[in-house]
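# Working through the structure, step by step
Each chain, letter by letter, is given below.
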Amino acid sequence: MKKVFVTGGNGFLGKFLIKKLSKYKYKIISPSSKICDLKNENSLKKYKDKFDYIFHLAAWTQAGDFCLKHPGEQWLINQKINTNVLNWWKEKQPQAKIIIIGTSCSYSEDSDFKENSYLRGEPIESLYTYAMTKRMLLQGVKAIQKQFKLKWICFVPSTLYGTNYHEDGRQMHFIFDLIRKIISGKYENKKVELWGNGYQKREIIHVENFIDTMIKLLNKKNEIFNIGSGKEYTIKHFSKIISDILNYDHNKIFYDKTKYVGSKSKKLNIAKVTKIIKNYKKNLINEKKGIEEVIKWFLKKRLKKN
């Protein structure tokens, strides 16, 4: 039985990953941050098992304008977390393959968004610090590979979506925020206000598709893989889909052009993964169907609260 250690297992991606790995009969250890504080360099030393895989998902960040408000903290905390995980590998887990999660915001806006461009150019200014901590994580595994023979894989997702997203007060990624706001407009008659002019573009990938692709590529080593849908749409397009599903008047939505919008566009180049995995695009969950699934989950949660 293969043994797996997962950081960030209580997060959105982590919960889905653990559920999927359990179906494959992996032995999984994924302590919460209260039990294992990754900012503490001694926190991982109590785990004595020899793991086959270390999935490093943990990162200190949130969606929206969080990066603008906490750049210093993001640098200090994420660098501590990443260094402690890599040092634990060096001292106690040299047999394990490390799987790390990158971010599409690491790419320069004028890049081709191919994997070999991940460390080139300048990330967007508003997301610069977080993007650079992810670049430093990749550079970390590459440096340790050269000296200590670490085996690693880096997966870079477009925006992940699916059911069971957090509702604990943290800022939400755009697709969840759109759904939440339009539901409030529909059922509570609240003003639906979206940031930007609505023409900034985004790409989404269902969390189940992302995880299935990761697992199919676990035999690879020392490579980066973009995982996305290969399609991007405007915020207005997504809000129209959501409005239509909810039978809400899309014309009521107000777009505040003075608010933070992040990157204008960041569609990943997925030529590498589509070449390796047969029928990759055909197996992707249809965006409209996936969004409808998430809306039903939001509505079900809303009914329970009421």
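Just above sits the structure.
Quick summary incoming for the structure in this document.

Thresholds applied
Residues numbered from 1 in each chain as written. Predicted model: local features only at pLDDT ≥ 70, side-chain atom pairs only at ≥ 80, totals over all residues. Heavy atoms only, no water. Buried < 20%, exposed > 50% of the residue type's maximum accessible area, 1.4 Å probe, protein only. Helix = DSSP H or I, 4+ residues; strand = E, 2+ residues; numbered from the N terminus. Pairing = 2+ DSSP bridges. Right-handed = clockwise from strand over helix to strand, strands pointing away. Lys, Arg positive; Asp, Glu negative; His and termini not counted. Salt bridge = Lys/Arg side-chain N within 4 Å of Asp/Glu carboxyl O. Polar contact = N/O pair within 3.5 Å; in protein donor to acceptor, adjacent residues only side chain to side chain. Contact = heavy atoms within 4.5 Å. Expected span 1.5 Å × (residues − 1). Axes fitted to C-alpha atoms, helices over the stretch in contact; angles between N-to-C directions. Parallel < 35°, antiparallel > 145°, perpendicular 65-115°, else oblique. Left-handed = near helix turned anticlockwise from the far one by under 90°. Nonpolar A, V, L, I, M, F, W, Y, C, P; charged D, E, K, R; others polar. Patch = residues over 30% accessible without salt bridge, like charges linked within 9 Å, V, L, I, M, F, W, Y side chains within 5 Å. Areas by Shrake-Rupley, 256 points an atom, 1.4 Å probe, with all protein chains shown as cover. Phe/Tyr/Trp six-rings, centres within 6.5 Å; stacked < 30°, edge-to-face > 60°. Lys NZ or Arg CZ within 6 Å of the ring centre and 35° of its normal.

## Brief notes about the pairing of strand β1 (residues 3–7)
Counted residue by residue, β1 has four buried out of five residues, so it is predominantly covered. Across three bridges, the pairing between β1 and strand β2 (residues 27–29) is parallel. Within the sheet, the bridge partner assigned to Lys3 lies in β2 and is Lys27. Note that the unit made of β1, helix α1 (residues 12–23) and β2 has a crossover that is right-handed. In terms of strand pairing, β1 meets strand β3 (residues 53–56) through four bridges, oriented parallel. Bridging from a neighbouring strand, Val6 pairs with Phe55 of β3.

## Let's talk about the side chain of Ser104
Its location among the elements puts Ser104 in the loop between β4 (97–101) and α4 (128–148). Residue Ser104 is classed as buried on the basis of its relative accessible area, which comes to 7%.

## Remarks on the side chain of Arg135
Here Arg135 is to be found in helix α4. Within the buried core, Arg135 has no salt-bridge partner, and the shortest N-O distance to an opposite charge, that of Glu122, equals 6.5 Å. Only 3.4 Å separates the side chain of Arg135 from the backbone oxygen of Leu119, close enough to count as a polar contact. With sequence-adjacent residues up to four places away left out, Arg135 is seen in contact with Ser106, Ser108, Tyr118, Leu119, Arg120, Gly121 and Pro123.

## Details of the environment of Glu223
As for its position among the elements, Glu223 is in strand β10 (residues 223–227). When its relative accessible area of 26% is taken as the criterion, Glu223 is described as partly exposed. Each C-alpha atom of the pair Glu223 and Trp152 lies 7.2 Å from the other, and the pair is 71 residues apart in sequence. Leaving out residues up to four positions away in the same chain, Glu223 has contacts with Trp152, Ile153, Cys154 and Lys272.

## Some words on helix α7 (residues 235–246)
For α7, with twelve residues, the first-to-last C-alpha span of 16 Å sits near the 16 Å given by 1.5 Å per residue. Along α7, the positions that sit buried rather than exposed are Ile235, Phe238, Ser239, Ile241, Ile242, Ser243 and Leu246. Two residues or fewer after α7 comes Asn247, characterised by a positive phi angle close to 55 degrees.

## Quick look at the sheet that holds β1
In a beta sheet, neighbouring strands are held together by backbone hydrogen bonds and run either parallel or antiparallel to one another. The six strands lie next to each other as β2-β1-β3-β4-β5-β10, forming an open sheet whose pairing is parallel. Either end of the sheet is taken by a strand with one partner, and the two such strands are β2 and β10. Taken over all neighbouring pairs, the strand axes of this sheet differ in orientation by 20 degrees on average, direction set aside. Helix α3 (residues 71–92) contacts β1, β3 and β4 of the sheet and is inclined by roughly 175 degrees relative to β3.

## Quick notes on the packing of α7 against helix α9 (residues 287–305)
Orientation of α7 relative to α9, taken along the N-to-C sense of each, is 55 degrees, at an axis distance of 10 Å. It follows that α7 is oblique to α9 by the angle criterion. Where α7 crosses over α9, the two elements pack in a sense that is right-handed. In this structure, α7 uses Phe238, Ile241, Ile242, Ile245 and Leu246 to contact α9, whose residues at the interface are Lys288, Ile291, Glu292, Ile295 and Leu299. Its residues assigned to classes, the contact of α7 with α9 comprises eight nonpolar, no polar and two charged.

## Some thoughts on a nonpolar patch on the surface
A cluster of nonpolar residues, Trp75, Leu76 and Met136, forms a patch on the protein surface that exposes about 300 Å² of accessible area. Looking at the element boundaries, Met136 is found in helix α4. We classify Met136 as partly exposed; its relative accessible area is 41%.

## A few points about unusual backbone geometry
Although it is not a glycine, Asn189 adopts a positive phi angle of roughly 60 degrees. By the element assignment, Asn189 lies in the loop between α5 (174–188) and β7 (193–195). With a relative accessible area of 68%, Asn189 lands in the exposed category. Here Asn247, not a glycine, exhibits a phi torsion of approximately 55 degrees, which is positive. Its location among the elements puts Asn247 in the loop between α7 and β12 (254–256). We classify Asn247 as exposed; its relative accessible area is 63%.

## A short note on the packing of aromatic side chains
Pairs of aromatic rings are described using the distance from one ring centre to the other and the angle between the two planes. Counted by the stated rule, this structure contains 17 aromatic pairs. With a centroid separation of 5.4 Å and an interplanar angle of 65 degrees, the aromatic rings of Phe5 and Phe51 are classed as edge-to-face. Residue Phe5 is found in strand β1, and its partner Phe51 is found in the loop between β2 and β3; the two are separated by 46 residues along the sequence. For the pair shown, Phe5 and Phe51 are each scored as buried. Summarising the aromatic geometry, the rings of Phe12 and Phe16 are spaced 5.4 Å apart at their centres and angled 75 degrees between planes, so their arrangement reads as edge-to-face. Here Phe12 pairs with Phe16, and both are found in helix α1, just four residues apart, close to one helical turn. Each member of the pair Phe12 and Phe16 is classed as buried. Note that Lys236 overlies the ring of Tyr255, its terminal NZ or CZ placed 5.0 Å from the centroid. Lying across the ring of Phe225, Lys272 places its NZ or CZ 4.5 Å from the centre.

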